[in-house]
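Commentary on secondary and tertiary structure
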Amino acid sequence: MPKLKPKSDIGLIGLAVMGQNLALNIADHGFQISVYNRTTETMDSFVAENPNTPGGVLGCKQIKNFVQSLKRPRKIIILVKAGGPTDAVIDTLIPLLDKNDIIIDGGNAKWTDTIRREKDLKAKKLRFVGSGVSGGEEGARFGPALMPGGDPAAYKHLQPIWDAIAAKVDAKTGRPLEGAEPGAPVKGGVPCAAYIGPNGAGHYVKMIHNGIEYGDMQMICEAYDLMQNVLGLTAPEIGKVFARWNKGQLDSFLIEITADILQQSDPITGKPFVEVVLDTAGQKGTGKWTSVNALDMGVPAPTVAEAVFARFLSAVKTERVAAGKILKGPSKRFSGNKTAFIRAIHDALYCSKICSYAQGFQLMREAQNEYNWELNFGQIAQIWRGGCIIRAVFLQKITDAFKRKPKLANLLLDPYFNKTIQKAQSNWRKVVSTATEQGVAIPTFSSALSYYDGYRTARLPQNLLQAQRDYFGAHTYERVDKPRGKFFHIDWPEKDRPQLKV
Ligand code: 2AM
């Protein structure tokens, strides 16, 4: 066992899977870490199983000893369940800490909770960093994407550790860098970690990441569904299409794992694995939070919302099975060129993805106004290039777009994205119309297309809607021939108005 220093560089509370992996990642980078867990046996076995890390792991049975084992200002990562448990741990820590000590919440906290906690702790002269940690177990262990928010001075103390443990990407191409062998530390490169902004900014950006992830996953499912139900391809054949797509514009972690999954056979039946998986999806809430926040702020983000609704619809399996026996769709067969249609699905997926990300960035832009943050959108896209679930070559295009124009109003307006959609939109429209004709549900592909068409339309039909509102509720309307902000009302003729019959 290597000799431990009298004081650790950092501490971590909560040794579930994410906590253990993050602690090992930190210790692997030469930092000594103290660990504490409510259930002591978990901590004991974790320490016993990891006796030889470069930095060293110090197990603590008592939270008081844990706190005392840390260098000051103390840095304590909490990785327990989001919500009540996080508050409970913070409350336990408060009386044990000294002025300027730093608590770091690495869980999937709701950003409004992070804002509240930061404020409460500041009043007690303690500092709080809410950091998004993305990339699941593998990311936590070998290089996550990190989205820290909170007191910038506090983050300065955490930064050397966060930079060291984060995934790394190539400075020029933005491509994720690998270690000499799987899991080995990466030398050089830009860390996928950067200070996001005050109070809840880090957790907010992590939430948007997750919302975008919901959209990406649903879009991939729609592409699979079309190849399966319109073209009649088998799962392994579709897997090969995804493997090919992973070498081009769509090169990303999610496309790569989809190719693997579709080519995997079930160890029990020998059938393609996806065929034995029940078609009901769960969710933990971050996609829902993103969508509710879009509604609260009045930002159109329909594609993520459709992805969340698609999961809800998938969950009512019994109802769907019964409805399928009653509600009939069209009985059309595909008669076109299969190869050309596969290419069209690719384009539909790419265009929909652009719209979904455009919506995610619109949300962040509105949130920064709401909360007085100054977000660096190009840098956020760069952080997502490595370590996290939505890592993709495509994100470099977003970084480039915001480098060209930091105040870009909407990603769709960037020349690269504009040109890409111009080139691909006839294919995108073909896919949406074919799916509609054939009765295949494509909620994200079609909502993204409607978003695109709505966003580029100078005059939408809401003139009629506003007139309706003025008619039934005297809500007033603005005129095209008068300055904005002047409101008018017409005295609708009583005799023509429909009367409510009671
Ligand atoms: P446990 O091992 O004692 O259950 C994920 O659930 C992690 O959060 C686990 O490490 C778990 O500890 C910890 N955890 C959950 N609720 C907690 C609470 N109220 N106080 C402290 N730790 C908690």
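Before reading further, recall that the structure is shown in the block above.
A brief look at the structure comes next. (Residues numbered from 1 in each chain as written. Predicted model: local features only at pLDDT ≥ 70, side-chain atom pairs only at ≥ 80, totals over all residues. Heavy atoms only, no water.)

Quick look at the overall build of the protein chain now. Across its full length, the protein chain holds 19 helices and nine strands. In terms of overall dimensions, the protein chain has C-alpha extents of about 85 × 60 × 50 Å along its principal axes. Each of the 502 residues in the protein chain was classed as buried or not, and the buried ones make up 49%. Counting only contacts in the protein chain whose residues sit at least 6 apart along the sequence, the fraction spanning at least 24 positions is 68%. For the protein chain, the exposed area adds up to about 25,000 Å²; of that, 55% sits on carbon and sulfur atoms. Taken as two groups, the 65 positive and 48 negative side-chain charges of the protein chain have centres that lie 3 Å from each other. (Helix = DSSP H or I, 4+ residues; strand = E, 2+ residues; numbered from the N terminus. Buried < 20%, exposed > 50% of the residue type's maximum accessible area, 1.4 Å probe, protein only. Contact = heavy atoms within 4.5 Å. Areas by Shrake-Rupley, 256 points an atom, 1.4 Å probe, with all protein chains shown as cover. Lys, Arg positive; Asp, Glu negative; His and termini not counted. Charge placed at Lys NZ, Arg CZ, Asp CG, Glu CD.)

Scanning all chains against the criterion turns up 20 aromatic pairs. Judged by centre distance (5.0 Å) and plane angle (45°), the ring pair of phenylalanine 334 and phenylalanine 341 falls under tilted. Phenylalanine 341 sits in the buried class, given a relative accessible area of 3%. Through a chain of ring-to-ring contacts, three or more aromatic side chains come together here, namely Tyr350, Tyr357, Phe394, Tyr416 and Phe417. (Phe/Tyr/Trp six-rings, centres within 6.5 Å; stacked < 30°, edge-to-face > 60°.)

This part covers the pattern of salt bridges. By the definition in use, this model includes 21 salt bridges. For the salt bridge of arginine 320 with aspartate 279, the shortest nitrogen-to-oxygen distance reads 3.3 Å. Of this pair, arginine 320 sits in helix α13 (residues 317–326) while aspartate 279 sits in the loop between α10 (253–262) and α11 (286–297), and the two are 41 residues apart along the sequence. Residue class for aspartate 279 comes out partly exposed when judged on its relative accessible area of 36%. (Salt bridge = Lys/Arg side-chain N within 4 Å of Asp/Glu carboxyl O.)

For the ligand, the full set of nearby residues is Gly14, Leu15, Ala16, Asn37, Arg38, Thr39, Val80, Lys81, Pro85 and Val89. At a separation of 2.9 Å, an oxygen atom of the ligand approaches a polar side-chain atom of arginine 38. In the environment of the ligand, an oxygen atom lies 2.5 Å from a nitrogen or oxygen atom belonging to the side chain of threonine 39. Burial of the ligand by the surrounding chains reaches 75%, relative to a free accessible area of 480 Å². Taken together, the residues that form the shell around the ligand break down as five nonpolar, three polar and two charged. (Near = heavy atom within 4 Å. Polar contact = N/O pair within 3.5 Å; in protein donor to acceptor, adjacent residues only side chain to side chain. Nonpolar A, V, L, I, M, F, W, Y, C, P; charged D, E, K, R; others polar.)

Turning our eyes to something else, we now look at helix α1 (residues 17–28). Between the first and last C-alpha of α1 there are 16 Å, a value that for 12 residues agrees with the 16 Å anticipated at 1.5 Å per step. Residues of α1 that are buried: Gly19, Asn21, Leu22, Ala23, Leu24, Asn25, Ile26 and Ala27. Following α1 by one or two positions, glycine 30 has its phi on the positive side, about 90°. (Expected span 1.5 Å × (residues − 1).)

Relative to the helices and strands, arginine 385 resides in the loop between α15 (377–383) and α16 (394–404). Among buried Asp, Glu, Lys and Arg side chains, arginine 385 stands out as unpaired, with aspartate 251 the closest opposite charge at 6.8 Å. Not counting residues up to four positions away in its chain, the partners in contact with arginine 385 are Val169, Thr173, Gly174, Arg175, Pro176, Arg391, Ala392, Val393, Leu395 and Gln396.

Residue placement: lysine 168 occurs in strand β8 (residues 168–169). It is aspartate 163 that comes nearest to the buried, bridge-free lysine 168 among opposite-charge side chains, at 7.4 Å. In terms of polar contacts, lysine 168 uses its side chain to reach the backbone carbonyl oxygen of aspartate 163, at 3.0 Å. Looking at lysine 168, its side chain comes within polar contact range of the main-chain oxygen of alanine 164, at 3.0 Å.

Sheet strands pair via backbone hydrogen bonds, and the direction of the pair is either parallel or antiparallel. Pairing within the open sheet is mixed, and its seven strands lie in the order β3-β2-β1-β4-β5-β6-β7. In the strand order of this sheet, the two ends are held by β3 (57–59) and β7 (145–150), each with one partner. Along the sheet, successive strands turn relative to each other by an average axial angle of 25°, direction set aside. Taken together, the six bridges between strand β6 (residues 127–134) and β7 define a ladder with antiparallel strand orientation. Residue pairing for β7: serine 131 is matched across the bridge by proline 148. (Pairing = 2+ DSSP bridges. Axes fitted to C-alpha atoms, helices over the stretch in contact; angles between N-to-C directions.)

To continue, consider the nonpolar core. Phe242, Trp245, Trp384 and Phe445 are the most contacted members of the largest nonpolar core, which totals 87 residues. With 16 residues, the single largest contributor to this core is helix α14 (residues 338–371). The residues contacting phenylalanine 445, other than those within four sequence positions of it, are Met219, Glu222, Ala223, Leu226, Ile345, Ala348, Leu349, Ser352, Trp428, Val431 and Val432. (Core = buried A, V, L, I, M, F, W, Y, C linked by side-chain atoms within 4.5 Å.)

Across a regular strand the side chains alternate sides, sitting on one face of the sheet and then on the other. Residue alternation in strand β2 (residues 33–36) divides its side chains into two sets, Ile33 and Val35 and Ser34 and Tyr36, and both sets are buried. Strand direction decides the pairing type here: strand β1 (residues 10–13) and β2, joined by four bridges, are parallel. Looking across to β2, one finds that isoleucine 10 is bridged to isoleucine 33. Read as a crossover between parallel neighbours, the route from β1 over α1 to β2 is right-handed. Across three bridges, the pairing between β2 and β3 is parallel. Bridge pairing in β3 links valine 35 to glycine 59. (Right-handed = clockwise from strand over helix to strand, strands pointing away.)

Where helix α17 (residues 415–438) contacts helix α18 (residues 443–455), the axes come no closer than 11 Å and their chain directions differ by 130°. With respect to their mutual orientation, α17 and α18 come out oblique. Seen from above, α17 lies across α18 with left-handed handedness. Only Phe445, Ser446, Ala448, Leu449, Tyr452 and Asp453 of α18 make contact with α17, whose side of the interface consists of Ile421, Gln422, Gln425, Trp428, Arg429, Val431 and Val432. (Parallel < 35°, antiparallel > 145°, perpendicular 65-115°, else oblique. Left-handed = near helix turned anticlockwise from the far one by under 90°.)

If you walk through the whole model with that rule in mind, you get zero disulfides. Residue cysteine 192 stays outside any disulfide, its sulfur separated by 7.3 Å from that of cysteine 388, the closest cysteine. (Disulfide = S-S within 2.5 Å.)

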